[in-house]
Amino acid sequence: MKKRILLLALAAMMLVSSCGKPKDNPNAQNNLYAVEPEEEVDPYYAEMKEKEHVRPIAVMIDNDSEKARPQIGLENAYLVYEIVVEGQSTRFMALFKDYGLEKIGPVRSSRHYFLDYAMENGAVYGHAGWSPKAAKDISALGIQNINGVLGDGSCFWRDNTYDKTWHNLYTSTVKLSDYAKNKKGYSLETDNKIPDYNKVDTVPEGGEEITKVAIPYAKFYKLNYVYDEATKRYVRYVNGKEHVSQTGEALSAKNIILYQLKNTPLADGENKDRQDLSNLGSGTGYYLSDGKMVKINWSKQSREAKTVYTLEDGSPLMLNPGNTYIQIVPMYATPTFE
């Protein structure tokens, strides 16, 4: 009897051992609880995936002259477009998925070609005023916007700390998100995909080592990026000095996308040298990250279509996890690299 019980016990142990061994993992041996290791992802990538369905808010930020600086909020944007406006000045459109930011600005008015990039990112568009063509296009294209000088002023306020003229209007994503949802009835959810990020930091393959970029937008406005090996970021310099936020933080980029487009005077009847931008079609440019630069191609088929960025072999451009500046440079302002 004892012998029979012993044989039954041994058979049961063998059955448990056989059933518990994962069939798809022959290397698990006797570990009944073997699991696949978690895939490594960068915290920035994980955060952006978590906020994938949070609709971005785009804000026009002043950069006309020294009076517009220092700005605040650029350091919190995941994506920043810098494009020339009238008088060879530039203006920023910064995109945010963080609805808790308390101060952004100085806020400035809309120009029509920035709408193309607000649309391709599916953003709620915050601005203070507009050019005649921008006003017309916002209406015609159905841009969901919040205008600081036309009925939506409760989202904006003046702060004379840095300037007492028109370079002193501010907003916040706290106010903009609340106003968009509760006053305008705009959805704050989106199916618009986040940019194509690598899951972990990846040095651009075959890239040329570039640690300095110079963009001479105008005689009075020269932009430089200098790569910091310690942080693996490109620090911004304006006219030879660090471009700092009102927080005292030096502005920097993890990724830079740079390409040149033709801009021409816009005949809007006001003779203020406002510009038009030839941003539809295709062309070439550069992507910089981790101290390396690779050539890229871009294409944009319509005003609302996403700009598609690819490597020279046609494969999609994958950004490294981190913020990105898109520098759209006039044809006359040839950038240099070293």
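Residues numbered from 1 in each chain as written. Predicted model: local features only at pLDDT ≥ 70, side-chain atom pairs only at ≥ 80, totals over all residues. Heavy atoms only, no water.

## Observations concerning the nonpolar core
Within the largest apolar cluster, 43 residues are counted, with the highest numbers of intra-cluster contacts made by V59, L74, I146, Y225 and Y325. The contacts of Y325, once residues within four sequence positions are left out, are L74, V80, F92, Y225, R236, L251, S252, A253, N255, I256 and I257. M48, Y197, Y259 and I296 belong to the second-largest nonpolar core, a separate cluster that totals 36 residues. (Core = buried A, V, L, I, M, F, W, Y, C linked by side-chain atoms within 4.5 Å. Buried < 20%, exposed > 50% of the residue type's maximum accessible area, 1.4 Å probe, protein only. Contact = heavy atoms within 4.5 Å.)

## Examining the side chain of T90
Tracing the backbone through its elements, the reader meets T90 in strand β3 (residues 90–96). Given the relative accessible area of 0%, T90 is considered buried. For T90, the side chain forms a polar contact with the side chain of N63, separated by 2.8 Å. Engagement of the side chain of T90 in a polar contact is seen with the side chain of E82, the distance being 2.7 Å. (Helix = DSSP H or I, 4+ residues; strand = E, 2+ residues; numbered from the N terminus. Polar contact = N/O pair within 3.5 Å; in protein donor to acceptor, adjacent residues only side chain to side chain.)

## Focus on the pattern of salt bridges
Scanning the entire structure with this criterion turns up 19 salt bridges. In this structure, the salt-bridge partner of K49 is E52, at a minimum N-O distance of 3.2 Å. Overall, the relative accessible area of 38% leaves K49 in the partly exposed class. Judged by its relative accessible area of 18%, E52 falls in the buried class. The closest approach of N and O atoms between E82 and R236, which form a salt bridge, is 3.3 Å. Separated by 154 residues along the polypeptide, E82 in strand β2 (residues 79–84) and R236 in strand β11 (residues 233–238) bring together distant segments of the chain. Note on accessibility: E82 and R236 belong to one class, buried. Residues joined in a network through salt bridges with shared partners are D62, D64, R91 and R108. (Salt bridge = Lys/Arg side-chain N within 4 Å of Asp/Glu carboxyl O.)

## Considerations on a nonpolar patch on the surface
A contiguous nonpolar patch, built from W130, V149 and L150 and spanning about 280 Å² of accessible area, is present on the exposed surface. Structurally, the position occupied by W130 is in the loop between β4 (124–127) and α4 (132–141). (Patch = residues over 30% accessible without salt bridge, like charges linked within 9 Å, V, L, I, M, F, W, Y side chains within 5 Å. Areas by Shrake-Rupley, 256 points an atom, 1.4 Å probe, with all protein chains shown as cover.)

## Comments concerning the pairing of β3
Counted residue by residue, β3 has 7 buried out of 7 residues, so it is predominantly covered. Here β3 shows two buried faces, one formed by T90, F92, A94 and F96 and the other by R91, M93 and L95. Pairing analysis gives 5 bridges linking strand β1 (residues 57–61) to β3, with the strands arranged antiparallel. Directly across from A58, in β3, lies its bridge partner L95. By the bridge criterion, 6 bridges tie β2 to β3 in an arrangement that is antiparallel. Its bridge partner lying in β3, E82 is registered against F92. Between the antiparallel neighbours β2 and β3 lie 5 residues, among them G87 with a positive phi of about 70°. (Pairing = 2+ DSSP bridges.)

## Here we look at helix α3 (residues 112–120)
Judged by how many residues are buried, α3 sits mostly within the fold: 9 of 9 residues are covered. Turning to α3, its buried residues number three or more, namely H112, Y113, F114, L115, D116, Y117, A118, M119 and E120. Of the residues trailing α3, G122 is marked for its positive phi of about 65°.

## Some points on the packing of α3 against α4
Remark: α3 packs on α4, axes separated minimally by 8 Å, with the N-to-C direction vectors making an angle of 30°. Residue-level contacts link H112, L115 and M119 of α3 to K133, A134, D137, I138 and L141 of α4. When its residues are assigned to classes, the contact of α3 with α4 shows 5 nonpolar, 1 polar and 2 charged. (Axes fitted to C-alpha atoms, helices over the stretch in contact; angles between N-to-C directions. Nonpolar A, V, L, I, M, F, W, Y, C, P; charged D, E, K, R; others polar.)

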